[in-house]
Amino acid sequence: CLYAFFDLTRGIPTDILDIEDQLFLCELAGTRLRWIGRLNECIERMRWVAESVRRHDLDGAKAIVASRYIAECGLLMADCVRAEKDAQAAVRLARESGNWIDQVAALTIRAQALHFLGRRDESLKLFAEGERQQQTSFSDEPLLTSVRAHRYHEALLDDGQHAEVLRRSDQLLRPRRRHRRSADEGAGR
């Protein structure tokens, strides 16, 4: 399926599928190839599809996701200058949309690119801004979680803020520990 999807002579997806399906298939291919250490084989194709989505601006929301996706591709390929530029575009689109989830995601991608570029102060400010945005919009999760938390913690560690990372990690794990104890008590353990 993937072989037929890509026009290997031009290195770009064919027009057999519509642009949304192409983006989905590229993401699927990228995930699978990354698992086996071969992401570089499809990264430019992935970027091409994401840029096509962004150009077509299918419904606004897809353009935001595509912009974030393009920035992520830059980070994966260690092209941090390009990733920061692409993430900056994603932040702009996300702010225009008013969708806080997109804003937080785009801010943290840009913050990581800045961190990799050695612009530590700017990076930490953007991570903090993303976290404030999340707190304002979703008070149940006061701290960044998942990949966003990992990225922020990595930047904090590089800044020598080890105690802050431990404090934050404990705070992130606390609700999960409470939930586990409640489940254990409910099971009669």
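Anything mentioned here points back to the structure above.
My aim in this report is to walk through the structure given alongside it, one point at a time.

Definitions and limits used
Residues numbered from 1 in each chain as written. Predicted model: local features only at pLDDT ≥ 70, side-chain atom pairs only at ≥ 80, totals over all residues. Heavy atoms only, no water. Core = buried A, V, L, I, M, F, W, Y, C linked by side-chain atoms within 4.5 Å. Buried < 20%, exposed > 50% of the residue type's maximum accessible area, 1.4 Å probe, protein only. Helix = DSSP H or I, 4+ residues; strand = E, 2+ residues; numbered from the N terminus. Contact = heavy atoms within 4.5 Å. Polar contact = N/O pair within 3.5 Å; in protein donor to acceptor, adjacent residues only side chain to side chain. Salt bridge = Lys/Arg side-chain N within 4 Å of Asp/Glu carboxyl O. Axes fitted to C-alpha atoms, helices over the stretch in contact; angles between N-to-C directions. Left-handed = near helix turned anticlockwise from the far one by under 90°. Nonpolar A, V, L, I, M, F, W, Y, C, P; charged D, E, K, R; others polar.

Our next topic: the nonpolar core. Counting residues in each nonpolar core, the largest one holds 21 residues, and the members touching the most others are Ala 106, Leu 124, Leu 126, Phe 127, Leu 144, Tyr 152 and Leu 156. Looking at this core, the elements that each hand over two or more residues are helix H5 (80-97), helix H6 (100-116), helix H7 (120-137), helix H8 (146-158) and helix H9 (162-186). Here this core takes five residues from H6, the largest share from any one element. In this view, Leu 126 contacts Leu 107, Arg 110, Ala 111 and Leu 114; residues no more than four positions away in its chain are not counted. Within the second largest apolar cluster, nine residues are counted, among which are Ala 50, Val 53, Ala 66 and Ile 70.

Attention shifts here to the environment of Arg 174. With respect to the secondary-structure elements, Arg 174 resides in helix H9. The class for Arg 174 is partly exposed, based on a relative accessible area of 40%. A distance of 2.6 Å separates a polar atom in the side chain of Arg 174 from a polar atom in the side chain of Asp 170.

What follows deals with the pattern of salt bridges. A side chain with one charge may pair with a side chain of the opposite charge, provided their charged atoms come close. Applying the stated criterion to the full structure yields ten salt bridges. With its nearest N and O atoms 2.6 Å apart, the salt bridge here joins Asp 102 to Arg 68. Of the two residues, Asp 102 sits in helix H6 while Arg 68 sits in helix H4 (residues 61-76), which places them 34 residues apart along the sequence. Taken individually, Asp 102 and Arg 68 each receive the classification buried, so the pair is uniform in this respect. Close ionic contact of Glu 84 with Arg 110 constitutes a salt bridge, the shortest N to O distance being 2.6 Å. You can see Glu 84 sitting in helix H5 and its partner Arg 110 sitting in helix H6, a full 26 residues away along the chain. The two residues Glu 84 and Arg 110 agree in class, both being buried.

The geometry of a pair of packed helices is captured by two quantities: the angle between their axes and the separation between those axes. As a packed pair, H7 and H8 sit with axes 10 Å apart at the nearest point and diverge in direction by 145 degrees. As for how H7 packs across H8, the hand of that crossing is left-handed. When H7 is examined against H8, the residues Arg 120, Ser 123, Leu 124, Phe 127, Ala 128 and Glu 131 are found in contact with a partner set consisting of Arg 148, Arg 151, Tyr 152, Ala 155, Leu 156 and Asp 158. Looking at the contact of H7 with H8, its residues break down into six nonpolar, one polar and five charged.

So, on to the side chain of Asp 86. For Asp 86, the location among the structural elements is in helix H5. Residue Asp 86 is classed as buried on the basis of its relative accessible area of 5%.

Right, let's talk about unusual backbone geometry for a bit. We note that Ser 146 has phi near 55 degrees; this positive angle belongs to a residue other than glycine. Looking at the secondary structure, you find Ser 146 in helix H8. With a relative accessible area of 61%, Ser 146 lands in the exposed category.

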